[in-house]
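The lines below spell out each chain.
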Amino acid sequence: MGKSQKKKLMRRHNPMRVPDSHLPKGLASASESSSKSNEILPIIQKMESPDAAERKWACVAVSNLIQNDPSTRRLLQGKNVVGALITRLTDSEEEVVVEAAGALRNLCIDGGYDICAEMYNKNILVPLRTFIPKISARLSEFLAAPKTAPENIQKSVYELADNVITTLWCLSETSNKALNAINEIQLVPFLMSFLGARDKLPLAPVTAAAQCLYVLTDDNYPAITEVRHDAGYISCLLAVARQEHTNTDPRSIALSVLAAGTLRNISPIPPPSEASLIDIDKDIVLPLLQPVISGISLSDATKAVQDLKYRQALEPQMENLSMNSTPTDHKSSIELELQLLESKLRTVQLSLEILTGACATLPDPEPDAPANQEDNEDDLDNDAEDADMDVGDEGNAKANSSPTFLTTLVAPLLALIQPTALSFPPLAAPSLDPPTTSALSALHISALECLNNVFLSLTTSPDPAISSDVNAGISVWNEIWSALSLVGTQTGLGQERREEMWNVAMGVLWGAGRVWKGSIAPTTEQVTAIIQLCDATPDPRLRVKCIGTLECLAQCPGSIEANQVISAYLLSLLPTAEEPSRVGTEPMIQAASALIDIYSDETMPYDTNFRQGKYLEHLVSSVEGIKKAVKAIDRRKEGGKELRRRGEEVRENMVDFIQYRKDLGL
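Let me begin by describing the structure that accompanies this report. Because the structure is predicted, anything quoted here is derived from the model rather than measured.

## Points about the overall build of the protein chain
Moving on, step 1. In terms of regular secondary structure, the protein chain is built from 30 helices and 0 strands.
Moving on, step 2. Residues classed as buried in the protein chain amount to 56% of the 666 residues present.
Moving on, step 3. Summarising the internal contacts of the protein chain: among those between residues at least 6 apart in sequence, 80% fall at separations of at least 24.
Moving on, step 4. Surface accessibility of the protein chain: about 28500 Å² in total, with carbon and sulfur atoms responsible for 51%.

Right, here's the structure in full:
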């Protein structure tokens, strides 16, 4: 009984690199917190200058101004900087075009979905798609005769390629409309040309191409089909995923990780490709990614960033941009070190994202069905709900990985969920280093989602050796709560990631509770925290997770007092004939199911609570209310049919359970 957990196979992570959520809405708050508001108007004006040098100056200045500065970015948005930069993509001077594309790229990465949506709505794809054949032609020229073109010309083309590809990658995650429009450009041959010539090209555009390809093949049928049915593409991806790394450049490692992720995205690979005989997860993904997630210390990375920021604060700062100054995108040694650390964190986060898919318990979708047409009932928004518990065919699920492998992941994953001093911004203020904070919080959440799938796999394919290892279960439980104690319960501007961690972590606690059901004795503080979260959240999915977790904790034989607290709370969530449940229908159904499971064995020590508390009377008085609530479920709404079916099942089980307890005569 009870609602089973279900995990979408993959989740995209493209968090806002420099969030502005700590700022109140509107331009006034941004103006108050920006030290560069007086510099914005001259930049916008120079972008329309008849002098190409001034137009280039303005484009570079935008990139400089927005660096780790969400207030100024918002002010620039208010002056239509996006529209002005898109106009410059058709500038007569190539240097202006390259710098405009670079500024748009940086806005995409730093600003996230809202800015990307604005770019799409302002038709950025019209000029971007014209660059593809031009870059391809220049690339072919350079590869055919590398010494004929001056180095600065080659550098300019490679920078433009990096900027255009990265912008297309970000745009493809903005909306289905944007993705469909990008599909029409047919980017796959263009992107694969960079991977195919990776040994002769700079690493940056090659990695950008791999990132874009990875995103485009994630649940996107047109791109999947094109890659899957080209043996040359698959051989290239295999070679990249298997390449040895002789240097520590995280972009080189990320390139292999992205290739492995793309191979997962397009699986199953049909014959006659050699990859059709390869177990992608076992032979490619796991050997590559396990060392990546195990080989980093988040505390060491955080200390390194703090030290670099301290050194940076002691250095003389650049003077404010003036009409006569020459902005440059040259990075200092400290900025390059910070960028390197961020790249390492992003590579680990990407690896976790791919491993989350590898640990999923559900079968892959039908290979020849468009991804956006499958499983509509569980088609969740691209946000933190991908790791939610959902009604699923758990009995028919088939684990993709053995329990032995899954348990080897648990230790490094538990280390990666532990927050550091830079994991979250202070209340209503920016982080010491926003890109690091963005990367760390995304990494923690990815690790929790991966753990969620690990425990789903262990409940779907139980291993008695694991479930009987009580010490391991207690250790896992304590590590998760240790992380949550560091996350804290702060809410407010800029604290969205803390809330998201609690949301995902509750699913992990539910999964661990199911694996070691009856073995984990909760503390009073833990039970109280879960109950408070369930009461505080308006999200029915999170409430279901909380109730599922409480159900597992209530079944610890030695925790009679905790059982009493939990059962009293669950009873309070049930309706009566006159009053509906205060938490909504779906959580109420979960609570009713939980009470049946908890007290299905009258020989348990905690059953004394059922008898002494006269719970049977409470359950009897709830039956009519449950019936009304289930009957009121709208089958026409998304998920309504399944929820109605489940509600009917729980109501029938409740009636049978009540009769069973009456017959016992206890």
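## Some remarks on the packing of helix H27 (residues 585-598) against helix H29 (residues 615-631)
Any two packed helices are characterised by how steeply their axes cross, that is the angle between the axes, and by the distance between the axes.
Moving on, step 1. Contact pair H27 / H29: the axes reach a minimum separation of 11 Å and the direction vectors enclose 145°. Judged by the twist between their axes, the crossing of H27 over H29 is left-handed. Note on element contacts: H29 touches H27 through Leu619, Ile626, Ala629 and Val630, opposite Thr585, Met588, Ile589, Ala592 and Leu595.
Moving on, step 2. Taken together, the residues of the contact of H27 with H29 sort by class into 8 nonpolar, 1 polar and no charged.

## Re H29
Moving on, step 1. Here H29 spans 24 Å end to end across 17 residues, near enough to the 24 Å set by a 1.5 Å rise per residue.
Moving on, step 2. At Val623, H29 shows its maximal kink, close to 35°.
Moving on, step 3. Along H29, the residues classified as buried are Tyr615, Leu619, Ser622, Val623, Gly625, Ile626, Ala629 and Val630.
Moving on, step 4. Summarising the contacts, the buried residues of H29 are in contact with helix H26 (560-572), H27, helix H28 (607-612) and helix H30 (640-664).

## Some details on the nonpolar core
Moving on, step 1. Ranked by internal contacts, the top residues of the largest apolar core, which has 195 residues, are Leu85, Leu187, Leu263 and Leu570.
Moving on, step 2. Ranked by residue count, the leading element in this core is helix H20 (residues 434-460), at 11 residues.
Moving on, step 3. For Leu187, the contacting residues outside a window of four places in its chain are Ile132, Leu168, Ile182, Cys212 and Leu216.

## Quick look at the side chain of Thr207
Moving on, step 1. Looking at where Thr207 falls in the secondary structure, it is placed in helix H12 (residues 203-216).
Moving on, step 2. Residue Thr207 is classed as buried on the basis of its relative accessible area of 11%.
Moving on, step 3. Setting aside chain neighbours within four positions, we find Thr207 in contact with Arg251, Leu255 and Leu258.

## Focus: unusual backbone geometry
Moving on, step 1. With an omega of 0°, the peptide bond running from Ser267 to Pro268 counts as cis.
Moving on, step 2. For the peptide bond that leads from Pro271 to Pro272, omega is 10°, which places it in the cis range.
Moving on, step 3. Turning to its location among the elements, Pro272 is positioned in the loop between helix H15 (250-266) and helix H16 (280-294).
Moving on, step 4. One non-glycine residue, Asn80, lies in the positive phi region at around 60°.
Moving on, step 5. Note on placement: Asn80 falls in the loop between helix H4 (70-78) and helix H5 (81-88).

## Details of the packing of aromatic side chains
The way to describe two aromatic rings as a pair is by their centre distance and the angle between their planes.
Moving on, step 1. A complete count under the given rule lists 10 aromatic pairs for this structure.
Moving on, step 2. Ring centres of Phe610 and Tyr615 lie 5.7 Å apart, and the angle between their planes is 80°; this geometry places the pair in the edge-to-face category.
Moving on, step 3. We classify Tyr615 as buried; its relative accessible area is 6%.
Moving on, step 4. Here a set of aromatic residues connected by ring pairs shows up, and it is made of Tyr599, Tyr606, Phe610, Tyr615 and Phe657.
Moving on, step 5. The residue whose ring lies beneath Lys46 is Trp57, and the NZ or CZ to ring-centre distance is 4.2 Å.

What counts as what
- Residues numbered from 1 in each chain as written.
- Predicted model: local features only at pLDDT ≥ 70, side-chain atom pairs only at ≥ 80, totals over all residues.
- Heavy atoms only, no water.
- Helix = DSSP H or I, 4+ residues; strand = E, 2+ residues; numbered from the N terminus.
- Buried < 20%, exposed > 50% of the residue type's maximum accessible area, 1.4 Å probe, protein only.
- Contact = heavy atoms within 4.5 Å.
- Areas by Shrake-Rupley, 256 points an atom, 1.4 Å probe, with all protein chains shown as cover.
- Axes fitted to C-alpha atoms, helices over the stretch in contact; angles between N-to-C directions.
- Left-handed = near helix turned anticlockwise from the far one by under 90°.
- Nonpolar A, V, L, I, M, F, W, Y, C, P; charged D, E, K, R; others polar.
- Expected span 1.5 Å × (residues − 1).
- Bend = angle between axes of the 7 residues up to and from the residue.
- Core = buried A, V, L, I, M, F, W, Y, C linked by side-chain atoms within 4.5 Å.
- Phe/Tyr/Trp six-rings, centres within 6.5 Å; stacked < 30°, edge-to-face > 60°.
- Lys NZ or Arg CZ within 6 Å of the ring centre and 35° of its normal.

It is worth stressing that arrangement in space is one thing and function is another; only the former is reported here.
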